[in-house]
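A structural walkthrough
Each chain is listed here by its residues.
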Amino acid sequence: MKTQIKSLLELQDIDLQIEALLLKEKEIPKQKEKLQIQEKKLKQEIEDSEKTHKKLVLDQRECERQIAQLQEQIKKYNNQLQGVKKNEEYQALLKEIDEIKKQIGLKEEEQIKIMLQMDDANLFFLEAKKRIETEIQQLKKQEEQIDKELQEVIQERKGLEQRRLEAQKSVSPELLSHYLRVKQRRKTGPVVVPLKDEICSGCFMQILPQVVNEIMASEKIHTCRHCGRILYYPGLLEEQEPVIIPTD
Ligand SMILES: [Zn+2]
């Protein structure tokens, strides 16, 4: 029974390591998701900045178009002036032309404002782009690191699963199926636990003296009647193995 418990504890140790690695395998991609969200935000920042710039370019073109249109209008009135006979009409046209010239002046002011904004936006965009591209590069590096870490964890787990196959061969079929049954019920954490001062160290409930005696005598496998975990007496494992001196 003593070697059986030892083998079972070895198996459980491997299982617990596998369990921890599986948990890591689940958690690691979440870290990557966070980085990817950050990356997306940064890309959005570049896009927004580009949009602002594009809008200014369009506004600027619209100004140009309107100015050209107004100038065309002036040309038209100038041509009309030559054919006008009445002074009243002549004066009215001149007034119109004046009005349009004022409008052109305003449009040109607007255009200058837009161009200044474009300069600022351009500068901001270039700086932001440079900064963001550096940040994205760093994020990518971190993501690669995470991928690598995940691969390492998977490799380690696969190695342990191989070792597990070997380790379970040392456990008797009955004990193994008992262990697996309890493990399936409990889902996480150890299922083979030491008995400490007549208490189950899994659920910290008192164990009946009769059962304690049997466990200490290592007569048979007992499960805690409160939590179902398999109990063993740790003192049993500490006892010295008889030393066999090889004789020639
Ligand atoms: Zn218990």
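As a starting point, this report considers the structure included with it.

Rules behind the numbers
- Residues numbered from 1 in each chain as written.
- Predicted model: local features only at pLDDT ≥ 70, side-chain atom pairs only at ≥ 80, totals over all residues.
- Heavy atoms only, no water.
- Helix = DSSP H or I, 4+ residues; strand = E, 2+ residues; numbered from the N terminus.
- Rg over C-alpha atoms; globule rule 2.2 N^0.38 Å.
- Buried < 20%, exposed > 50% of the residue type's maximum accessible area, 1.4 Å probe, protein only.
- Expected span 1.5 Å × (residues − 1).
- Arc of directions from axis to C-beta.
- Contact = heavy atoms within 4.5 Å.
- Core = buried A, V, L, I, M, F, W, Y, C linked by side-chain atoms within 4.5 Å.
- Axes fitted to C-alpha atoms, helices over the stretch in contact; angles between N-to-C directions.
- Parallel < 35°, antiparallel > 145°, perpendicular 65-115°, else oblique.
- Left-handed = near helix turned anticlockwise from the far one by under 90°.
- Pairing = 2+ DSSP bridges.
- Donors = N, O, S within 2.8 Å, 3.2 Å for Na, K, Ca; no water.
- Tetrahedral: all angles 85-135°; square planar, octahedral: opposite > 155°, others 65-115°.
- Nonpolar A, V, L, I, M, F, W, Y, C, P; charged D, E, K, R; others polar.

1. Some thoughts on the overall build of the protein chain
In terms of helices and strands, the protein chain carries five helices and four strands. Going residue by residue from the N terminus, the α and β elements of the protein chain occur as α-α-α-β-β-α-β-β-α. Compactness check: the protein chain gives a C-alpha radius of gyration of 42 Å against a globular reference of 18 Å for 248 residues, more than 25% above the reference. Dimensions of the protein chain, computed from C-alpha atoms along their principal axes, come out at roughly 135 × 50 × 25 Å. Put simply, the protein chain has 248 residues, and 32% of those count as buried.

2. As for helix α3 (residues 173-186)
If you check α3, its first and last C-alpha atoms are 20 Å apart, about what 14 residues at 1.5 Å a residue would give, namely 20 Å. What α3 keeps buried is the set Leu175, Leu176, Tyr179 and Val182. On an axial view of α3, the arc spanned by its buried residues comes to 135°, and they lie on one face. α3 presents Pro173, Glu174, Gln184 and Arg185 as exposed residues on the side facing more than 90 degrees away from its buried surface. Tucked inside the fold, the buried residues of α3 contact α1 (2-83), α2 (87-167), β1 (192-196) and β4 (230-232). Of the residues flanking the end of α3, it is lysine 187, one or two places downstream, whose phi is positive at about 70°.

3. With respect to the nonpolar core
The tendency in soluble globular proteins is for nonpolar side chains to be buried side by side. Leu8, Leu11, Ile132, Val171, Tyr179, Val192 and Ile230 are the most contacted members of the largest nonpolar core, which totals 31 residues. Residue assignment for this core shows that the elements contributing at least two residues are α1, α2, α3 and β4.

4. Re the environment of threonine 3
Mapping threonine 3 onto the fold places it in helix α1. Along the chain, threonine 3 and asparagine 213 lie 210 residues apart, while their C-alpha atoms are 19 Å from each other.

5. Here we look at the packing of α1 against α2
Contact pair α1 / α2: the axes reach a minimum separation of 6 Å and the direction vectors enclose 165°. The angle between α1 and α2 places the two elements in the roughly antiparallel class. Note on packing geometry: the crossing formed by α1 with α2 is left-handed.

6. Comments concerning the sheet that holds β4
The sheet built from four strands is open, its strands ordered β2-β1-β4-β3 with mixed pairing. The strands lining the two open edges of the sheet, one partner per strand, are β2 (199-200) and β3 (222-223).

7. Considerations on the coordination of the zinc ion
The coordination sphere of the zinc ion, as far as protein atoms go, consists of Cys200 (SG), Cys203 (SG), Cys224 (SG) and Cys227 (SG), spread over 2.2 to 2.3 Å. One can describe the site at the zinc ion as tetrahedral: its four donor atoms subtend angles covering 106 to 113° at the metal. Summarised as a motif, the one-chain spacing of the donors to the zinc ion is C-x2-C-x20-C-x2-C. Remark: cysteine 224 occurs in the loop between β3 and β4 and cysteine 203 occurs in the loop between β2 and α4 (209-216); sequence separation between them is 21 residues.

8. Let's talk about the packing of α1 against α3
Look at α1 against α3: their axes get within 11 Å of each other, and the N-to-C directions meet at 40°. On the basis of their axis angle, the class for α1 and α3 is oblique. Between α1 and α3 lies a crossing of right-handed hand. Residues Gln4, Leu8, Leu11, Gln12 and Asp15 of α1 pack against Leu175, Leu176, Tyr179 and Lys183 of α3. Class assignment of the residues belonging to the contact of α1 with α3 gives a composition of five nonpolar, two polar and two charged.

Without other data, these values stay purely geometric and don't point to any function.
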